[in-house]
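Coordinates in review
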Amino acid sequence: MQASKEPYVGIIVDLLNEFERRSGHRTIRTLTPYARVERDLQLGETDFTLMAWGDARAAYARRGTALVRLDFGAIGRKGVVLRTYADLLNVVVAVPRGLKVDPRFDVDASIKKELLLDYTQAIRMSVAERDAKAVAGSLSTLGHIIKKLGLEDEFGDVLVLTTTQLTVAFSKKSPLLAAEAEVNAVFKTMADDGTAKKIYERWMFPARD
């Protein structure tokens, strides 16, 4: 989602709008840093969210309907070699704080990481002639933002580390757990009829004029 005086826009917003249309329920949306989303799920302050699933999240959230496939990894600055995991040891990697990229990468202290607020800040940091020479996260999201910022010529090698799914993640401490099955059922209709994929591709891979 994008923060501004205008209504929120983005993949998650469109998916929630379609959920509301199909279910008749209303959702309350809050725009927060990624790390805060994790905290809210842990405490039950958010009933559910739509996010890339990671097994570590199972401690405090239930994995629900899978909507679209997501590849996670790193993209290097042009001229930086990123062909294998070992290549990550040679660079500083900019990554949004709290983001789960890959189970090995997330806990690997031998990889130098620059933890930042969001994807845009991570990308800008990596092109600002500072320490970071690569960015990590959802490869489709990174590619979309890099293109939007007109920085395609600044980046080169793409390294896929893991593949997961954009899923419904329902907080185990939510007071509305009784509604979990219904929420997942509605999102399943969106996955089954291709609506979720169309929404994702419309934002990530917009048609050229």
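Residues numbered from 1 in each chain as written. Predicted model: local features only at pLDDT ≥ 70, side-chain atom pairs only at ≥ 80, totals over all residues. Heavy atoms only, no water.

The complete set of buried residues in helix H4 (residues 119-126) reads Tyr119, Ala122, Ile123, Met125 and Ser126. Summarising the axial view, the buried residues of H4 lie within an arc of 160°, below the 170-degree limit, and thus occupy one face. Of the surrounding elements, those touching the buried residues of H4 are strand S2 (61-77), strand S3 (92-96), strand S4 (112-116), strand S5 (132-138), helix H5 (139-148) and strand S6 (155-171). Its side-chain oxygen at 3.3 Å from the backbone nitrogen of Thr120, Asp118 defines the N-terminal cap of H4. (Buried < 20%, exposed > 50% of the residue type's maximum accessible area, 1.4 Å probe, protein only. Helix = DSSP H or I, 4+ residues; strand = E, 2+ residues; numbered from the N terminus. Arc of directions from axis to C-beta. Contact = heavy atoms within 4.5 Å. Polar contact = N/O pair within 3.5 Å; in protein donor to acceptor, adjacent residues only side chain to side chain.)

Time to look at the packing of helix H1 (residues 11-23) against helix H6 (residues 180-192). It is at 10 Å that the axes of H1 and H6 come closest, and there the two elements cross at 110°. Taken together, the axis directions place H1 and H6 in an arrangement best described as roughly perpendicular. Together, Leu15, Leu16, Glu18, Phe19, Arg22 and Ser23 of H1 and Val183, Val186, Phe187, Thr189 and Met190 of H6 make up the contact between the two elements. Here the residues of the contact of H1 with H6 are counted per class, giving seven nonpolar, two polar and two charged. (Axes fitted to C-alpha atoms, helices over the stretch in contact; angles between N-to-C directions. Parallel < 35°, antiparallel > 145°, perpendicular 65-115°, else oblique. Nonpolar A, V, L, I, M, F, W, Y, C, P; charged D, E, K, R; others polar.)

Between H1 and helix H7 (residues 195-204), the least distance of the axes is 9 Å, while the angle of their chain directions is 150°. It follows from the interaxial angle that H1 and H7 lie roughly antiparallel. In this structure, H1 meets H7 at a crossing whose hand is right-handed. Contacts between H1 and H7 involve Ile11, Asp14, Leu15, Glu18 and Arg22 on the former and, on the latter, Thr195, Ala196, Ile199, Tyr200, Arg202, Trp203 and Met204. Residue classes in the contact of H1 with H7 are distributed as seven nonpolar, one polar and four charged. (Left-handed = near helix turned anticlockwise from the far one by under 90°.)

Over the atoms, a rolling probe the size of a water molecule traces out where space has been left empty. When its volume is computed, the second largest pocket comes out at roughly 300 Å³. Along the wall of the second largest pocket there are 18 residues; nearest its centre are Trp53, Gly54, Asp55, Lys100 and Pro103. Broken down by class, the residue content of the lining of the second largest pocket amounts to eight nonpolar, four polar and six charged. (1 Å grid on protein atoms, 1.4 Å probe; cavity = no way out; pocket = protein on both sides within 12 Å on 5 of 7 lines; lining within 4 Å. Points joined across faces, edges and corners; volume = space filled by probe spheres on them.)

A word on H6. Counted at 1.5 Å a residue, the expected span for H6 with its 13 residues is 18 Å, and the 18 Å between its end C-alpha atoms agrees. Buried within H6 are the following residues: Glu180, Val183, Asn184, Val186, Phe187 and Met190. End-on, the buried residues of H6 take up no more than an arc of 160°, which puts them together on one face. Seen from the open side of H6, the exposed residues pointing more than 90 degrees away from its buried face are Ala181 and Asp192. Close packing links the buried residues of H6 with H1, strand S1 (48-52), S2, S6 and H7. Where H6 terminates, the next one or two residues include Gly194, which has phi positive at roughly 85°. (Expected span 1.5 Å × (residues − 1).)

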